Structure formats: structure tokens, C-alpha cells
Amino acid sequence: MAARSVSLRLAAACRAATQTVRPHTATPIMRAAALSPSSSSRSSHALAVHRDTPDNHANIPFKFSPENEKLIAEILKRYPPQYKKAAVMPVLDLGQRQHGFSSLSVMNEVARILEMPPMRVYEVASFYTMYNRNPVGKFHLQVCTTTPCQLCNSDSIMKAIGDHLGIKPGHSTEDGIFTFSEVECLGACVNAPMVQINDDFYEDLTPESTVQLLDALKGYAQATKDLPINTTVITGDVPPEVKGIPKPGPLSGRATCENMPPSTPDPLISSHNSTDVSNFTLAAAAAGTILYENHSIFTTLFTYVVGGIFAGFGTAYHDILWAARSPAKRKAESKRWHNAISPEGHRFVQVREKALKSNWENRKSELDGILDNTLGLVRQSNSGSGDTRTGDGKPDSSFEGQDEKWGDWGDYKEEKRRLAEREQLRKEAGGHSGDVPKYILEYAPLIHLYSKEEYWPGDIDLHLRRTIPQLNFTDVHEDVTLDNLSLFNQYAPYLYLTSKDDPEAHPGWLSARFNIPDLKTGKCDAPGTLIWVDKGNGVVDAFWFYFYSYNLGNVVFNVRFGNHVGDWEHSMVRFVDGEPKYMFLSQHTGGDAYVWEALEKKGKRPVIYSAVGTHANYATAGKQEYIVPFGLLADNTDTGPMWDLTLNSRMYNYNLSNHLLLPSANNPEAPISWFYFDGHWGDKFYPFNDTRQYGLLGEAHYVSGPLGPRWKNLGRTGVCQRDDEECIIMTQLRYGRKRWEWEADPLDGGLDVPWWALGGLDWYL
Ligand code: FES
């Protein structure tokens, strides 16, 4: 006791001395916060001491606002009248929110209302770091540096903030926008490192994302000068002049605290980025890229040798002729390509997308003649505009002259008109299409995802939030939703929903582990899509669409090809008079078709399998060789988690005559605009000066994202997606296992009829 009173007397003496010598300054926020910051970096002496300042002394009047008085009355009802003081924390918090910090006057007023000694209120306010006893900036940055955060490099976050704002922990910036504090664990360790900014947590920080966040907040603060201080960072609508403030939560792309991708991946999905491939792969990729970049007769000879082995000499000969014929033209196109991949500032580069596309295709025809055009090898996604058939199976003439609309991207008049027209038609139709035919749900497929899949089903809504439409690598618009996506069609098909995150950094939304279907029920949190189309004469096609935010391409010769952001796969059940007859399973550029009886069933429902990484659909589990012999190119399926789309899907009817998509009665509010989007659902083919990209034998590590369901030939007459190719409908599952064999030699493959007799749907009908 004696020791305590001595120290109190000493403290009082020190206080008196300090008060007499210290002049008032013109930067109260900085000075006050520096003197008594609300952080763990404060010394115990600073924690216990109050010093009067011009904006914090007992003579400054403070009264609660009428609204807060009402709230206090509500709070007090929670406690017995004789224990009013139990309300000290929420009432103090109210005072801090109203005044901006817990000043002496606020604390005294709280003590008066709660009929408790002021010292008791001071004790509470000085114990809990969330009470700021001196003014803080508009944004109070409280960085956690406790062990889990520190292990995840919170030091780098502290440094980034200090360097960027030019202040140390415990200080505020001169403009009063930021106060910087170091605090103990805030309970978000799973997403370390993190910072609390006013009421919001920002997690999974990197120095780069932290600096971006600070800049965005500064812009926000300058644009909203009149808002009271210490308001929640994101309060309702962000002013139009402030863009780019991320939503609170993980900034890595994780939705919550789901696992990051495994550090020791399944061998089937390993070496899938540019940084973890083997030396052989890198050497091969480098050689391939050089070949790709240098158009010469040598390139063609190389292709000729490899192609000769795999595909015969005919096509290689064609390539030689082509290459020998127009070297100057190819050189010019190559130059144009390189010009096109360098956006200048915010202006679009003045290169026509059509020229760019044809340039790419010419390059393809030179180098891909063997592996791509002849064999269709690993061309899993369209590199240009893709399949140009719309829902009714006819070419869409609206793409004509598309490239002439250059630069006029602020005007969405025409697309707005179309959107309004569709909404009007939807209204006239009563808002929905009625119930989904019962038989469609009864015979809906069950799909086994691969047990060690790394890229799980994605929600197109989340996908839109993590991407931004780009035209020629230039942002077009930020606020795209499922309800307005088609507004941007005037740039389609050259528009690409481009990932805001680097796909090679494995952001959580791409792998979407949080969408692994429930192992008991099969319900997946990412909605699937059902679109049924009545073709007349009793024929109804039910298209089940599976969306994944990322497609991991397959490996050939230890080199991975065909990765892309965004992946649409589908299966289609064809009903005749309500009875299932055939089923189509999409795979890469084509797919397999079966008679209904051939398919594996669970109850009445067919069971299908999604391949690891590529998500191609198959009718059986196991290795699925395709196109190239000796198992060099194969998908793999197994009996991993089963996905039942009937439990969570957006369901629609599509009318071929007026092109109207109508939600079914069970989800009448389901958005429709996204369906009419004519652009790509993922990043554009990365140029070769991008370190993520490499090419070999005319194939690329990254290809462009796909077009959406409207482009999957919903109006097909045959069972297969492509009307321009022979559609072979298999009568037994075993034919689907080694398709390349019977495609090369159908009689050996065991088909019951000669290959030339297989006439697609006609043959069976
Ligand atoms: S250690 Fe930082 S939030 Fe827990």
C-alpha cells in the first residue's frame, strides 16, 4: 500500500510538470494519439495516465444524442436497476461511436448515467484496448501481431503500413485519416495475418493487398469528408468516385476460412503451374515457346517429325506447304499480335480483335495442324471466339461487324433495350415457366466428382464477383452481376471475365473447397443449372450444367496444357414422351453419347463421373484414354463425392422460338441476364510474354475461358453437342473407355456395327 501511494504521488508530480511545460500544438490527432495510443505497444505508464489536451479535458461538454439515449434506455432494461453499472461497456461504446473516442467527458457522462464512480469507468476504458481514450483517425488500423499472425508474416504488414503511411504504431497521419495500432489476437487467426479497420476485419493480407487497401480507403475518406469519423468502413453504397475498396474478409479469394490448396497435391494434379514443373518440362516448354515464336521451316519440320509419328504424313505435308507459302505474312501477323498484348494506359490498343483472333488461328493452323486440327489434341477450350452456334443452333449474325464498335463502351443502350425487352416478355409470361417436368428431376444425373479434385464446383455469382470483364486486357466495367451481365454484350465475343487474382496463386474461390458436396446428401452450396428445352413432337432435352471456376488441363509428355479460368460442362438427357432415351456427356471439345439402358444407375437416376481437373464427364470410373494411344492422354475419374444437382440448382426453361429463358416456378426470381452473356467466362489466352504462359507443339499452358451455356447448342437436333460431326451413340459402357481405339479402328474396338454404319441419332431412331 505504501509503495502504491508513493508511485501515485510520483505520477501526480510528473503530470503536473508535464502540463506546465508542454505547449498545445496544431495537430491534436497526431499528438494525442502519439501520447496515448490504444495499442499493445503502449507502456504501462501511458495506459494509466490521462493528460488534458485541447480536445480531451473534463470541461468539454458531452451529452448523448436523443437516439442514443433511447438505446441506453433499452440497454439498461437488460440489467436489474441496482446493477446499472453492468451496462458500462455497451454505453461506453455508444459514447465512443458518437464522439469518435472515449474522452474524459464521455467517461464522466457514462459514470453519471450509470451512477458509478468515474474512476470505475476509467478503469474499464483503460483496460480494454477497443476504447480509444484519445482521438483516432477516420480509419483505425489495428494490426494483430500475436503468434499465429506473426508466423504468417504480420511483420511485413506492419512494415508495409509504416512505410506507406510514414507513421509508426501508436501514431496518426497528419491528415487525420489513419491511426496505426499494434494489437493482440483478434480471433481471426485462421486467416492470418489480419487487420481490424474500425468494425471490419481484413484478412489473408499481403504487403501488396494492404497497400492497395490503404489507398482505396484514403480515396474513400477524401470522397466522404462529411461522414462522421469511426463509421464502419463499408457503409452501404460506395460513392461512385471511389472504386476498388475490397469487401471485408479474406483478401486472398477465400470465402471464409476454408483450407488453402494442399501443399502436397495429388500426382494427377501436380506440376500445374509454371513454378513447380520439372526441369524437363521447363526445358520442353522453353523450346516449345521458341518454336512457337519463330516461324520457320524448322518449326514445320519439327512438327512434321512429331506429327508423322502420331498422325501420319498427310497433314504434316499440308503444314509444310502452308509454312513455305507465306512466311512474310506470318511475320507481319506476329508483330501485330505483340502490339496487341500491350495495353497503353486505360485506352484500348487500336488493334481489331478480329485480326487478333485470326492471327491466333493462323498461328494455330501452322503449328497445330497435326496435334490440334487433325487429332483435336488437348484443345480443351476455345482460343478464339469459340463455337459460334447460339441456342437455336444457328450462327448469330449479330456478331457481324462487332469489331467496328471500338471504343464506344460507355453506351449500353442497345443491350439495355434487349434486357428490358426480355424482362417484359418474362412479365407477360407470368414471371416463370411453371414447374419443372417431374420426369426431368426423377431421371436427373448424379455426378461423382474426383476424390482428390483440386477445383470444385463454383458459384457463378461468386465467379462474377472475383472477375472483371476485360476487352483486350483492359477493364471494361466493374459492377457486373447475374442480373446485368448481358449489358456488356456489345463487346462480345471479345469480352473476357478476367480473374482479379492470379490463378497461379491458387485463390480459394478458384479451388472452391467450400463447395465440396455434402457426403451424405450430395447437396452442393454452389448452385448447378438446369435448362430444359421442348423440341416438339414429345422430345424434351434436359441440360444439366456444371460450372467450375477453374479448369486444370491435362498432361502430355510431362507438360500441362489447356488450363483456363471458368469451365462449363454439361450433360443432357433426351426424353421422348417423358421417357429418357439418350444421354450426352460433354468432354473437351466434344463428348460421349449413350443409349439410356447402357448407363449405370442409382435407382432410376444415371450415375456419371467428372474427371479430375478437366471436369470432362464420363459414364464410368477409372482411366479414360482419349485421342492419343498408349494412355498418353487420359482423364481420370473415380467415386469421389457425389453431387446431386436437384438439391440446389437454378432451373429454367428455354424457348427456342423466341429465345426466352424463363425461371421455373420453384425459383421465379432466378436471374436470367447472365445466360445471354456472349463473352467468355474466364481469362483471355495469356500472351507469351506473360511468365505464366508457355507453349509446346502449338499448344498452350493457358487457353481462353469458355463461352456459356447458351453456346452449347441447346437447339441441337442430334444428341451430341456438335451437329457438324457424326454423332455416335454407344450401346455399352465399355466403348467409352478407350475411345481412341475404336475411332481409329472401330471393328477392333468391339462396336456391334461397322463404323461407317454409325449415323448418329438417325441410326437409332
Ligand atoms: S493471432 Fe492474429 S488474429 Fe489471432
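In the nomenclature of an unreviewed UniProt entry, the chain is known as Vacuolar protein sorting-associated protein 62 of Orbilia oligospora. Per UniProt, the comment on the chain under Cofactor (unreviewed entry) is "[2Fe-2S] cluster".

**Q** I keep staring at the pattern of salt bridges and nothing clicks. Help me out?
**A** A side chain with one charge may pair with a side chain of the opposite charge, provided their charged atoms come close. According to the stated counting rule, one finds 18 salt bridges in the structure shown. The salt bridge partner of Glu109 is Arg112, with a shortest N-O separation of 2.9 Å. Highlighted residues: Glu109 and Arg112, both in helix H6 (residues 104–113), separated by three residues, approximately one helical turn. Judged by relative accessible area, which is 8%, Glu109 ranks as buried. Through salt bridges that share partners, Lys63, Glu109 and Arg112 make up one connected network.

**Q** For this particular structure, what's the right way to read the packing of H6 against helix H7 (residues 118–127)?
**A** Each packed pair of helices is defined by two parameters, the angle between the axes and the distance between the axes. Where H6 meets H7, the closest approach of the two axes is 8 Å, and the angle between their N-to-C directions is 125°. Here H6 is positioned oblique relative to H7, judged by the angle of their axes. Considering how the two elements wind past one another, H6 and H7 form a crossing that is right-handed. For the pair H6 and H7, the contacting residues are Leu104, Met107, Asn108, Val110 and Ala111 in the first and Pro118, Val121, Tyr122 and Ala125 in the second. Its residues assigned to classes, the contact of H6 with H7 shows eight nonpolar, one polar and no charged.

**Q** What am I meant to see in a nonpolar patch on the surface here?
**A** A cluster of nonpolar side chains, namely Phe127, Tyr128 and Met130, defines an oily patch on the protein surface of about 340 Å² accessible area. With respect to the helices and strands, the residue Met130 is situated in the loop between H7 and strand S1 (139–144).

**Q** Would you mind going over the sheet that holds strand S8 (residues 467–471) with me for this structure?
**A** As a general point, the strands of a sheet are linked pairwise by backbone hydrogen bonds and lie either parallel or antiparallel. Pairing is antiparallel across the open sheet formed by three strands, whose spatial order is S9-S8-S10. Either end of the sheet is taken by a strand with one partner, and the two such strands are strand S9 (474–475) and strand S10 (495–499). Bridge count between S8 and S10: five bridges; the pairing is antiparallel. When the sheet's bridge partners are listed, Ile468 is paired in S10 with Thr498.

**Q** Before we go on, may I ask you to explain H6 in this structure?
**A** The α-helix winds at 3.6 residues per turn, so residues separated by three or four positions along the chain end up facing the same way. In terms of residue burial, H6 counts as a mostly covered element, since eight of its 10 residues are buried. Among the residues making up H6, those that are buried are Leu104, Ser105, Val106, Met107, Glu109, Val110, Ala111 and Ile113. At its buried positions, H6 is contacted by helix H4 (66–76), helix H5 (88–99) and H7. One or two residues past the end of H6 sits Glu115, with phi positive at roughly 55°.

**Q** Teacher, can you tell me more about the environment of Val211 here?
**A** Residue position: Val211 is located in helix H10 (residues 207–223). Not counting the four nearest positions on each side in its chain, Val211 is found in contact with Ala160 and His164.

**Q** Whenever I open this one, the pairing of strand S16 (residues 579–587) confuses me. Can you help?
**A** On a regular strand, each side chain points to the face opposite its neighbour's, so the side chains alternate between the two faces of the sheet. Of all nine residues in S16, seven are buried; the element is thus mostly enclosed. Pairing of strand S15 (residues 564–576) with S16, which is carried by six bridges, proceeds in the antiparallel orientation. By the bridge assignment for S16, Phe575 is matched with Pro580. Turn length for the S15-S16 hairpin, with the two strands adjacent in sequence and antiparallel, is two residues, and the turn residue Asp577 shows positive phi of about 50°. Relative to strand S17 (residues 590–595), S16 runs antiparallel, the two sharing six bridges. In the strand pairing of S17, Tyr582 is matched with Val595. Where S16 folds back on S17, the antiparallel hairpin that results is connected by two residues, among which His588 adopts a positive phi of roughly 50°.

**Q** When you look at unusual backbone geometry in this model, what are you seeing that I'm missing?
**A** For residues other than glycine, phi is negative in most cases, and the peptide bonds are mostly trans. Of the consecutive residues Ala192 and Pro193, the connecting peptide bond is found in the cis state with omega at -5°. By the secondary structure assignment, Pro193 is in the loop between strand S3 (178–183) and strand S4 (195–197). Of note in this structure, Asp577 is not a glycine but carries a positive phi near 50°. Its location among the elements puts Asp577 in the loop between S15 and S16. With a phi close to 60°, His659 is a non-glycine residue in the positive phi region. Within the secondary structure layout, His659 lies in the loop between strand S24 (649–655) and strand S25 (660–663).

**Q** Please clarify how the packing of H5 against H6 should be interpreted in this entry.
**A** As a packed pair, H5 and H6 sit with axes 10 Å apart at the nearest point and diverge in direction by 145°. Taken as a pair, H5 and H6 cross one another with a handedness that is right-handed. On the side of H5, the interface is formed by Val88, Val91, Leu92, Gly95, Gln96 and His99, while H6 contributes Val106, Met107 and Val110. A breakdown of the residues in the contact of H5 with H6 according to their chemical character gives six nonpolar, three polar and no charged.

**Q** It is not clear to me how the side chain of Thr179 should be interpreted in this structure. Could you clarify?
**A** If you trace the backbone, Thr179 turns up in strand S3. Among the polar contacts listed, one links the side chain of Thr179 to the backbone nitrogen of Gly137, at a separation of 2.5 Å. For Thr179, the side chain forms a polar contact with the side chain of Ser172, separated by 2.6 Å.

**Q** How should the nonpolar core be read in this particular structure?
**A** Buried together is how nonpolar side chains tend to be arranged in soluble globular proteins. Grouped together as the largest cluster of nonpolar side chains are 74 residues, with contacts concentrated most on Ile440, Ile531, Trp674 and Trp681. Per element, the largest residue contribution to this core is eight residues, and it comes from strand S12 (residues 539–551). For Ile440, the contacting residues outside a window of four places in its chain are Leu530, Trp532, Val540, Ala542, Trp544 and Phe575. If you look at the next biggest cluster of nonpolar residues, it comprises 23 residues, including Phe178, Leu205, Leu214 and Ile245.

**Q** Can you walk me through the packing of aromatic side chains in this structure?
**A** For any pair of aromatic rings, geometry is given as the distance between the ring centres together with the angle between the planes. Taken as a whole and assessed by the stated rule, the structure comprises 23 aromatic pairs. Ring geometry for Phe675 against Tyr676: centres 5.2 Å apart, planes inclined by 85°, an arrangement best described as edge-to-face. Under the relative-accessibility criterion, Phe675 is labelled buried at 1%. Centroid distance Phe677 to Trp681: 6.0 Å. Interplanar angle 80°. Geometry classified as edge-to-face. Just as Phe677 is buried, Trp681 falls in that class too. Among the aromatic side chains, those forming a connected cluster through ring pairs are Phe543, Phe545, Phe547, Trp568, Tyr652, Tyr654, Trp674, Phe675, Tyr676, Phe677 and Trp681. In this structure, Arg716 is placed above the aromatic ring of Phe584, and the distance from its NZ or CZ to the ring centre is 5.1 Å.

**Q** Any chance you could explain the sheet that holds strand S11 (residues 528–536) here in plain terms?
**A** Strands sit in the order S25-S24-S11-S12-S15-S16-S17-S28 across an open sheet of eight strands; the sheet is mixed. Edge positions in the sheet fall to S25 and strand S28 (729–730), since each has one partner strand and no second. In this sheet, S12 lies alongside S11 in antiparallel orientation, the contact comprising seven bridges. In the strand pairing of S12, Gly536 is matched with Val539.

**Q** Teacher, can you tell me more about the confidence of the model for the chain here?
**A** In the predicted model, the chain carries a mean pLDDT of 73, and the fraction of residues at 70 or more is 64%. The model gives residues 330–411 a pLDDT under 50, and that stretch makes 213 contacts with residues more than four places away or in other chains.

Conventions we followed
Residues numbered from 1 in each chain as written. Predicted model: local features only at pLDDT ≥ 70, side-chain atom pairs only at ≥ 80, totals over all residues. Heavy atoms only, no water. UniProt positions renumbered as here; feature names shortened; annotations may be inferred. Salt bridge = Lys/Arg side-chain N within 4 Å of Asp/Glu carboxyl O. Helix = DSSP H or I, 4+ residues; strand = E, 2+ residues; numbered from the N terminus. Buried < 20%, exposed > 50% of the residue type's maximum accessible area, 1.4 Å probe, protein only. Axes fitted to C-alpha atoms, helices over the stretch in contact; angles between N-to-C directions. Parallel < 35°, antiparallel > 145°, perpendicular 65-115°, else oblique. Left-handed = near helix turned anticlockwise from the far one by under 90°. Contact = heavy atoms within 4.5 Å. Nonpolar A, V, L, I, M, F, W, Y, C, P; charged D, E, K, R; others polar. Patch = residues over 30% accessible without salt bridge, like charges linked within 9 Å, V, L, I, M, F, W, Y side chains within 5 Å. Areas by Shrake-Rupley, 256 points an atom, 1.4 Å probe, with all protein chains shown as cover. Pairing = 2+ DSSP bridges. Polar contact = N/O pair within 3.5 Å; in protein donor to acceptor, adjacent residues only side chain to side chain. Core = buried A, V, L, I, M, F, W, Y, C linked by side-chain atoms within 4.5 Å. Phe/Tyr/Trp six-rings, centres within 6.5 Å; stacked < 30°, edge-to-face > 60°. Lys NZ or Arg CZ within 6 Å of the ring centre and 35° of its normal. pLDDT = per-residue confidence, 0-100.

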